[in-house]
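The residues making up each chain are set out below.
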Amino acid sequence: MFWRRRPSDPAWEGSTGPDVDPTREGADPVEAAAPPDTADHADGPTIQPVASAERPEPGPDLRDGVARSRGGFVARLRGLFASGEDESTWEGIEETLIAGDVGAALAMRIVERARARRDPAGGQAAVRAELAALLLARDPAWEPQRTRDGGPAVILVVGVNGTGKTTTIGKLASRYRAEGRSVIVAAADTFRAAATEQLGAWAARAGATMIAHAPGADPGAVVYDALDAAVARGVDLVIADTAGRLHTRSYLMDELAKVRRVIDRRLPGAAPEVLFVLDATTGQNGLAQAAAFNAAVGLTGIVLTKLDSTAKGGIVFAIEDALRVPVRFVGLGEGVADLIPFDPAAFVAALFD
């Protein structure tokens, strides 16, 4: 269901089920067309399961998803080691790692450490071990946490336009709805013309509620109202979209930091997850973007999209080494189930085995 508040009407506008009249004067076509996911009760509306919500099929196989990287820079590593392990081999290894988006400084460090290992299993095993050591340890049972007083868990999704940010939110909403959680998505990307409509389509598909204001509204106000609604209804999770910001525009980054403060003010003591959506095909430029966002709002995780579309999967190692922020999800396709939790050991095995 969609809620929308217009500047001319400070009151909430919307409906809780069959009373919606799509023909009423001034009705918003997206709001009217949305499937309801609340029902009226004497003590107020509560979130109810949506029978028509799309339930994702099992996710794709990680090995298939990283086939291009395995056949790209990793295959070149194997080829170099197959010809021996002299000085020129190690120079080639360093160049191959750089070409695989590991980054120049990190590639030099990996080669130095791999050579110093003198691994009995050979140089390839040493490089693999050094790459694996770059990935952060994490709890495999990680999930967004509700506040101690029972308030909703919060995910703030940030990134630049074109990385798949809004689509990622839709896939996350679908994942958590399929697990039986109630979800509100906050349409706080109020500046891109089609953002609310795109997010609304995903919300309807996932069986989630969307809260939105008029185009051009204050993003912080949208997030605040979404949190208000979630607290009032006992919703499990709020996922907030944000305007795609260029990391070189300081005033836009300041606005994003303001949204982060709004969450802190409305839910004191909350520990929101701040997920940065990064297009794997952008390589080191994407890493620079992530670093700027991390400085502005403090990232807690990375969602790496389009990993299946690149032969340069080394960006995963570069991100975790540079930012000390874990990759939480990777995108391996366009389907609703193609966003899967990231498993470091499985990722390294999928590249090398």
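All figures in this text were calculated on a predicted structure; none of them were measured in a lab.

Caption draft 1: Inspection of the packing of helix α5 (residues 87-99) against helix α6 (residues 104-117) at higher detail. Across the interface, α5 lies against α6 with an axial gap of 8 Å and an inter-helix angle of 145°. The interaxial crossing formed by α5 with α6 has right-handed handedness. Residues E87, W90, I93, E94, L97 and I98 of α5 touch α6, and the partners they reach there are A104, A107, M108, I110, V111, A114 and R115. Tallied by class, the residues present in the contact of α5 with α6 amount to ten nonpolar, no polar and three charged.

Caption draft 2: Quick peek at the nonpolar core. Core analysis: the largest hydrophobic core is formed by 73 residues, its most contacted members being L299, L304 and F347. Filtering out sequence-adjacent residues up to four positions away, L299 remains in contact with V158, V274, F276, A290, F293, N294 and V325. The next biggest cluster of nonpolar side chains, apart from the first, holds 24 residues, and it includes W142, A187, I239 and L275.

Caption draft 3: Highlighting the packing of helix α8 (residues 165-178) against helix α9 (residues 195-206). Their axes nearest at 9 Å, the elements α8 and α9 cross at an angle of 20°. Considering their axes alone, α8 and α9 lie roughly parallel with respect to each other. By crossing handedness, the relation of α8 to α9 is classed as right-handed. Where α8 abuts α9, its residues T166, T167, I169, G170, K171, A173, S174 and R177 lie against A195, Q198, L199, W202 and A206. Split into classes, the residues belonging to the contact of α8 with α9 amount to six nonpolar, five polar and two charged.

Caption draft 4: A look at the pairing of strand β8 (residues 273-279). β8 sits mainly inside the fold: seven of its seven residues count as buried. Neither face of β8 is left uncovered, since the one carrying E273, L275, V277 and D279 and the one carrying V274, F276 and L278 both have all their residues buried. Looking at chain direction, strand β4 (residues 153-158) and β8 are connected through four bridges and run parallel. Considered in β8, the bridge of V158 is made with F276.

Cut-offs applied
Residues numbered from 1 in each chain as written. Predicted model: local features only at pLDDT ≥ 70, side-chain atom pairs only at ≥ 80, totals over all residues. Heavy atoms only, no water. Axes fitted to C-alpha atoms, helices over the stretch in contact; angles between N-to-C directions. Helix = DSSP H or I, 4+ residues; strand = E, 2+ residues; numbered from the N terminus. Left-handed = near helix turned anticlockwise from the far one by under 90°. Contact = heavy atoms within 4.5 Å. Nonpolar A, V, L, I, M, F, W, Y, C, P; charged D, E, K, R; others polar. Core = buried A, V, L, I, M, F, W, Y, C linked by side-chain atoms within 4.5 Å. Buried < 20%, exposed > 50% of the residue type's maximum accessible area, 1.4 Å probe, protein only. Parallel < 35°, antiparallel > 145°, perpendicular 65-115°, else oblique. Pairing = 2+ DSSP bridges.

Geometric values such as these leave the question of function open.
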